[in-house]
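A look at the structure
What follows is each chain in one-letter form.
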Amino acid sequence: MDRKLSWIGFLATALIVVTLATIVLREPQRQITAAADLQVNKIAEGTDLYAENCVVCHGAAGEGLGSFPALAAIAEMDTQAIFNTVERGRYNTTMAAYGVDEGGILYDAQLDALVTMIQYGDWNAIENRVAALGLTPPEIVVAEVPEETLTMIRDLPDGQILADAVEWYSSNCAACHGANGEGTTLAPVLNSDELRTRLTDADLTRTIEQGVPGTLMAAWDAALSDDEVAGLVALVRRWDELENMGVQMVAVEAAPIDMSPEAIAAGAKLYSVACTSCHGVDAYGTALAPALNNSVFLSQTPDAAIKQIIAQGVTGTKMPAWGGRLSDADLNSLVAYLRSLESSAPPIVAPVTGIN
Ligand code: HEC
Ligand code: HEC
Ligand code: HEC
């Protein structure tokens, strides 16, 4: 009887020991799984924060839009350096400080999630998630460069550099400066003898790299390599040669804006919530911001440019960037609303734009 009990006791103890040993042995594996789950969760949280706050500048796939740098290639950057950049921003650039301690909106755990996403996320998956949330930034107007034109340009001395520059110009600069550098209401002429006489190559390089603070002219040094900037300087310098050859780029019209009564009504509603405080009732303007109900501004600014201004804001002014907060459909409806005012808009002779 006693022996039987002690046998049961022994067996029970042995069972406990074996079970404990198994648990202890499996612990590292469990920890690895838990760490992997944590990282997956962080990447998911970081992706949504990225979609809401960052895509308008850094692109849905981290490719960098316009003058803004790509993030897809910085996975190798030091973790702490990425954290510090997002927390504190970069002085004198549009990269704002996002950390709450720096006056921003994100807590340490959220910053941490963003950093994990930048380092370990899969940019294809991020792009799909951004699209699913309806936050893919709007396409920006580009000018089309036909292959024959590029072939013609390549035949010039140092033609390859010029041909590449024409392509960069068309996708990055044409929306504001015009397909052939003729200027628009948004930005001055780049293709003129006057400019070629007034500005040295060093002046052009500085303007392109550093931008003109307080205007729509951004700093491009983070987005373009030294060679690309040098190519653009060569293009501005030698534009007359292209003109003499009869080279003409054609501006691509963005897809037409939906002008249905529903879209206009949705835009009017959004306008009253987000824009009235600065641009005034019915967009007649206030002391804080210019009238948008203004026939000069509306007739001279294409839909895509209005959309770009609303999405990207105006650096160095109170005009916020809305692209991270509003969907593509929202931005379109705002353009539709503003466009609907055009036929009855009063002419205001000196519209306020980024050009001073
Ligand atoms: C309004 C545009 C804008 C938005 C929105 C924005 N950034 Fe930036 N970001 C920039 C610019 C411009 C730079 C380059 C600054 C410089 O020249 O040093 C930059 C740089 C960075 C860098 C450093 C890249 C490098 O190569 O050094 C990181 C990381 C970064 N941003 C992350 C973010 C994250 C994360 C968000 C969202 C929470 C965000 N950014 C939102 C404009 C923006
Ligand atoms: C979002 C609109 C916008 C885009 C895009 C843009 N620019 Fe500008 N650019 C401006 C504005 C506005 C000015 C005038 C700034 C001022 O008031 O001095 C300007 C000025 C310039 C000047 C100086 C002109 C002068 O007469 O002094 C050069 C050169 C220039 N831009 C080149 C470029 C190049 C090259 C690109 C493409 C990489 C580009 N810009 C993209 C808006 C833009
Ligand atoms: C906090 C104030 C403020 C708010 C809110 C605001 N804006 Fe602006 N907006 C400005 C200022 C200031 C300018 C002029 C910037 C400049 O000097 O180029 C401007 C310029 C613009 C321009 C370019 C006008 C031109 O003549 O070049 C458009 C378009 C615009 N805003 C649309 C909007 C829309 C749409 C909304 C709402 C989603 C909005 N803004 C909300 C302050 C604001």
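Residues numbered from 1 in each chain as written. Chains lettered and ligands numbered in written order. Predicted model: local features only at pLDDT ≥ 70, side-chain atom pairs only at ≥ 80, totals over all residues. Heavy atoms only, no water.

Remarks on the site of ligand 1
This is how it is decided: We call a residue near a molecule or strand whenever a single non-hydrogen atom of that residue lies within 4 Å of it. In protein, a polar contact means a hydrogen-donor-capable atom and an acceptor-capable atom, both N or O and within 3.5 Å, with residues adjacent in sequence counting only if both atoms are side-chain atoms; elsewhere, any N or O pair within 3.5 Å suffices. Secondary structure elements are defined from DSSP: runs of H or I of at least 4 residues count as helices, runs of E of at least 2 residues count as strands, and each element is numbered from the N terminus.
Close contacts around ligand 1 come from 18 residues, with Cys 54, Cys 57, His 58, Arg 90 and Met 95 the closest. Taking His 58, its side chain carries an N or O atom lying 2.8 Å from a nitrogen atom of ligand 1. One of the side-chain N or O atoms of Arg 90 is found 2.7 Å from an oxygen atom in ligand 1. When residues of the shell around ligand 1 are traced back to their parent elements, those giving at least two are α2 (55-58) and α3 (79-88). At three residues, the largest contribution of residues to the shell around ligand 1 is made by α3.

Focus: the packing of α3 against helix α4 (residues 108-120)
How we decide: To obtain each axis, a line is fitted to C-alpha atoms, and for helices this fit is confined to the stretch in contact; angles are then taken between N-to-C directions over 0 to 180 degrees. Each angle receives one of four descriptions, namely roughly parallel if under 35 degrees, roughly antiparallel if over 145, roughly perpendicular if within 65 to 115, and oblique otherwise. It is the rotation of the near helix from the far one that decides the hand of a crossing: anticlockwise by less than a right angle makes it left-handed, clockwise makes it right-handed. The contact definition used throughout considers only heavy atoms, calling two residues in contact when any of these lie within 4.5 Å.
Viewed as axis vectors pointing N to C, α3 and α4 meet at an angle of 125 degrees, and their least axial separation amounts to 10 Å. The angle between the axes of α3 and α4 places the two elements in the oblique class. At the point where α3 passes α4, the crossing takes the right-handed sense. Here α3 contributes Thr 79, Ile 82, Phe 83, Val 86 and Glu 87 to the contact with α4, which in turn contributes Asp 108, Leu 111, Asp 112, Leu 114, Val 115, Ile 118 and Gln 119.

Here's the deal with the coordination of the iron atom of ligand 2
Ideal geometry at a metal centre: 109.5 degrees between donors when four sit tetrahedrally, and 90 or 180 degrees when six sit octahedrally. What counts, and what does not: In this analysis a donor is any N, O or S atom within 2.8 Å of a metal ion (3.2 Å for sodium, potassium and calcium), and since water is not included, sites may seem incomplete. Under the classification used here, a metal with four donors is tetrahedral if each angle lies between 85 and 135 degrees, square planar if opposite donors are over 155 degrees apart and the others between 65 and 115, a six-donor metal meeting that same test is octahedral, and anything else is irregular. Relative accessible area decides the class of each residue, using a 1.4 Å probe on protein chains only: under 20% of the type maximum gives buried, over 50% gives exposed, and in between gives partly exposed.
Donor atoms from the polypeptide that coordinate the iron atom of ligand 2 comprise His 177 (NE2) and Met 217 (SD), at 2.0 to 2.2 Å from the metal. In this structure, the iron atom of ligand 2 is coordinated by six donor atoms arranged in octahedral fashion, with angles at the metal of 87 to 178 degrees. One end of the pair, His 177, is in helix α8 (residues 174-177); the other, Met 217, is in the loop between α10 (201-210) and α11 (226-244), with 40 residues separating them in the sequence. His 177 gets classed as buried once you look at its relative accessible area, which sits at 10%.

A short note on the nonpolar core
Put simply, the rule reads: We define a nonpolar core as any set of buried Ala, Val, Leu, Ile, Met, Phe, Trp, Tyr and Cys residues linked to one another through side-chain atoms lying within 4.5 Å.
Among the nonpolar cores identified, the biggest contains 29 residues, and Ile 153, Val 166, Tyr 169, Leu 235, Trp 239, Leu 242 and Met 249 are the most heavily contacted of them. Among the secondary structure elements, those contributing two or more residues to this core are α6 (147-154), α7 (159-172), α10 and α11. At seven residues, the largest contribution of residues to this core is made by α11. When sequence neighbours within four positions are dropped, the list of residues in contact with Leu 235 reads Leu 162, Ala 165, Val 166, Tyr 169 and Leu 242.

Thoughts on the confidence of the model for the chain
Using the following cut-off: Confidence per residue, as judged by the predictor, is encoded in pLDDT with a range of 0 to 100.
Residues at a pLDDT of 70 or more form 87% of the chain, whose mean pLDDT is 84. Considering only residues more than four positions removed or in separate chains, one finds that residues 349-356, a stretch of pLDDT under 50, has 14 contacts.

Some remarks on helix α5 (residues 123-132)
Stated formally: This arc is built from the directions going out from the helix axis to the C-beta atoms.
Among the residues of α5, Trp 123, Ile 126 and Val 130 are the ones counted as buried. In an axial view of α5, the angular spread of the buried residues amounts to 55 degrees, which keeps them on one side of the axis. Away from the buried face of α5 by more than 90 degrees, exposed residues Asn 124, Asn 128 and Ala 132 are located. Capping of α5 at its N-terminal end is provided by Asp 122; its side-chain oxygen lies 2.9 Å from the backbone amide nitrogen of Asn 124. Phi turns positive one or two residues past the end of α5, at Gly 134, with a value near 75 degrees.

What to know about the packing of aromatic side chains
Quick note on the threshold: Only Phe, Tyr and Trp rings are paired, with Trp represented by its six-membered ring, and only when their centres lie within 6.5 Å; those with planes under 30 degrees apart are stacked, over 60 edge-to-face, the remainder tilted.
If you walk through the whole model with that rule in mind, you get three aromatic pairs. Between Tyr 169 and Trp 239, the ring centres sit 5.0 Å apart and the planes meet at 90 degrees, which makes this aromatic pair edge-to-face. Note that Tyr 169 is positioned in helix α7 and Trp 239 in helix α11, a separation of 70 residues in sequence. Across this residue pair, the class does not change: Tyr 169 and Trp 239 are buried. Seen in terms of ring centroids, Tyr 271 and Tyr 337 are 5.3 Å apart; in terms of plane orientation they differ by 45 degrees. Their pairing is tilted. Of this pair, Tyr 271 sits in helix α12 (residues 261-274) while Tyr 337 sits in helix α16 (residues 328-340); the two residues are 66 residues apart in sequence, bridging distant segments of the chain. Looking at Tyr 271, the relative accessible area reads 3%, which means it is buried.

As for the side chain of Glu 228
The condition is simple: Here the positive residues are Lys and Arg and the negative ones are Asp and Glu; neither His nor the chain ends is included. By convention in these notes, a salt bridge is any Lys or Arg side-chain nitrogen within 4 Å of a carboxyl oxygen on Asp or Glu.
Counting through the fold element by element, Glu 228 comes out in helix α11. The charged side chain of Glu 228 is buried without a salt bridge, its nearest counter-charge being Arg 154 at 14 Å. Apart from the residues lying within four places of it in its own chain, the contact partners of Glu 228 are Trp 168 and Ala 223.

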